[in-house]
Amino acid sequence: MCEKLKEVNTWLSTVFGDQPVPQFEVTTRTVDILYQLAQCSGARCSNTALLTDDLKQKASEYQADGGHLQDVLLQGVGLSYASLPKPTADHFNALVASAMVLGVRDTSLCSFIPAVNNLTNEVLEAEKTCRTLDRELRTLRKRLGATLMLRGSLQEDISKTVKVQEVESAKMEERLLNMDFVKAKSKELNQRRERAEDQLLSRSMDKSLTHQAIVQLSGEVAALKQEIIPLKKKLEPYLDLSPSPSLAQVKIEEAKRELSCPCLEDSHTSTLLMFTFMP
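Residues numbered from 1 in each chain as written. Predicted model: local features only at pLDDT ≥ 70, side-chain atom pairs only at ≥ 80, totals over all residues. Heavy atoms only, no water.

**Q** With reference to specific residues and values, describe helix α3 (residues 86-102).
**A** For the α-helix, the turn length of 3.6 residues means that residues three or four positions removed from each other point alike. Taking 1.5 Å as the rise per residue, α3 with 17 residues should run 24 Å; its terminal C-alpha atoms sit 24 Å apart, in good agreement. Two residues or fewer past α3, Gly 103 is found with a positive phi of approximately 75°. (Helix = DSSP H or I, 4+ residues; strand = E, 2+ residues; numbered from the N terminus. Expected span 1.5 Å × (residues − 1).)

What follows is the structure, encoded as structure tokens:
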């Protein structure tokens, strides 16, 4: 760990230079992490130095080739870059700029043709990708239009639903108010009914005079009237016979005892029974 810590301190001093190295907690984990960073940084610096040396060597080689070519042109043809006319110099500059843009080693035709072919292939691939993106964009625009139409329809439906809910809420509130009123009224009527029943009980009212008893008695009377209808039809042949009051009175008393019904004391019913039992 001591050797790692020394290498870490050395690396940190190199990195920060004249600035003081920040304080850090010296533990096995922190030392290991900083040691790994130092190793990675050293490897990267070494690679960068090698690349720099290679580029410097290539630059010196290019300069030597350029000087050799200039000497050949100057000694063999008698031309120099300074003595070239402006159009020729412009062409040379354009050729050099094209070579730099294409990334070729030299300006020979064997270097330019593959570079141009590669660039053409890249352009074709870019156009193909552009056409694919255009188709996808048109599809997305169609979907976006349909989505926007659906969104508008949904918003319209939502607004209608909100209005309907507001109307239903108002109706519900009105119904609740009516329900509260009906409940209060029903409670009041129940209290009044209870007080009336208490008053009737305190006055010893006969239950036969209540509405329920009267309704029940009315039903019994209606049933008896239905039973009398066939008896009336039987009496029709005897309506023209002379009455026998004594025998009819006996039959009436017997019928009263059999039926034991107060409603038969009606005069009309007695007359009907008198005609029924005539000899």
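**Q** Explain a nonpolar patch on the surface residue by residue, including any values.
**A** Taken together, the side chains of Leu 150, Leu 154, Ile 158 and Val 162 make up a nonpolar region of the molecular surface, amounting to roughly 360 Å² of accessible area. We classify Ile 158 as exposed; its relative accessible area is 52%. (Patch = residues over 30% accessible without salt bridge, like charges linked within 9 Å, V, L, I, M, F, W, Y side chains within 5 Å. Areas by Shrake-Rupley, 256 points an atom, 1.4 Å probe, with all protein chains shown as cover. Salt bridge = Lys/Arg side-chain N within 4 Å of Asp/Glu carboxyl O. Buried < 20%, exposed > 50% of the residue type's maximum accessible area, 1.4 Å probe, protein only.)

**Q** Provide a residue-level description of the pattern of salt bridges, including the pertinent values.
**A** Tallied over the full model, the rule gives 3 salt bridges. For Asp 54, the salt bridge identified is with Lys 58, shortest N-O distance 3.5 Å. On the criterion of helical spacing, the pair formed by Asp 54 and Lys 58 is a turn pair, its members being 4 residues apart in helix α2 (residues 28-77). Look at Asp 54 and you get partly exposed, because its relative accessible area is 30%. For Glu 156, the salt bridge is made with Lys 160, and the minimal N-O distance between the two is 3.6 Å. With Glu 156 and Lys 160 both in helix α4 (residues 109-202) and 4 residues apart, the pair spans about one turn of that helix. Residue classification places Glu 156 among the partly exposed positions, given a relative accessible area of 42%.

**Q** Describe the packing of α3 against α4, listing the residues and the values that go with them.
**A** Running from N to C, α3 and α4 point in directions that differ by 55°, and their axes come no closer than 10 Å. The angle between α3 and α4 falls in the class oblique. Relative to α4, α3 is oriented so that their crossing is left-handed. On α4, the residues touching Leu 95, Ser 98, Ala 99 and Leu 102 of α3 are Phe 112, Ala 115, Val 116 and Leu 119. (Axes fitted to C-alpha atoms, helices over the stretch in contact; angles between N-to-C directions. Parallel < 35°, antiparallel > 145°, perpendicular 65-115°, else oblique. Left-handed = near helix turned anticlockwise from the far one by under 90°. Contact = heavy atoms within 4.5 Å.)

**Q** Account for helix α1 (residues 2-16), naming residues and giving values.
**A** Here α1 spans 21 Å end to end across 15 residues, near enough to the 21 Å set by a 1.5 Å rise per residue. Immediately downstream of α1, the backbone of Gly 17 shows phi near 65°, a positive value.

**Q** Give a description of the confidence of the model for the protein that names residues and reports values.
**A** As a general rule, the predicted coordinates of low-pLDDT regions are not to be interpreted in detail. When pLDDT is averaged along the protein, the result is 79, and 81% of the positions lie at 70 or above. Highest mean pLDDT in the protein belongs to α4 (90); lowest belongs to helix α7 (residues 267-276) (45). Segment residues 261-279: pLDDT under 50, and 30 contacts once partners within four positions in sequence are set aside and those in other chains are kept. (pLDDT = per-residue confidence, 0-100.)

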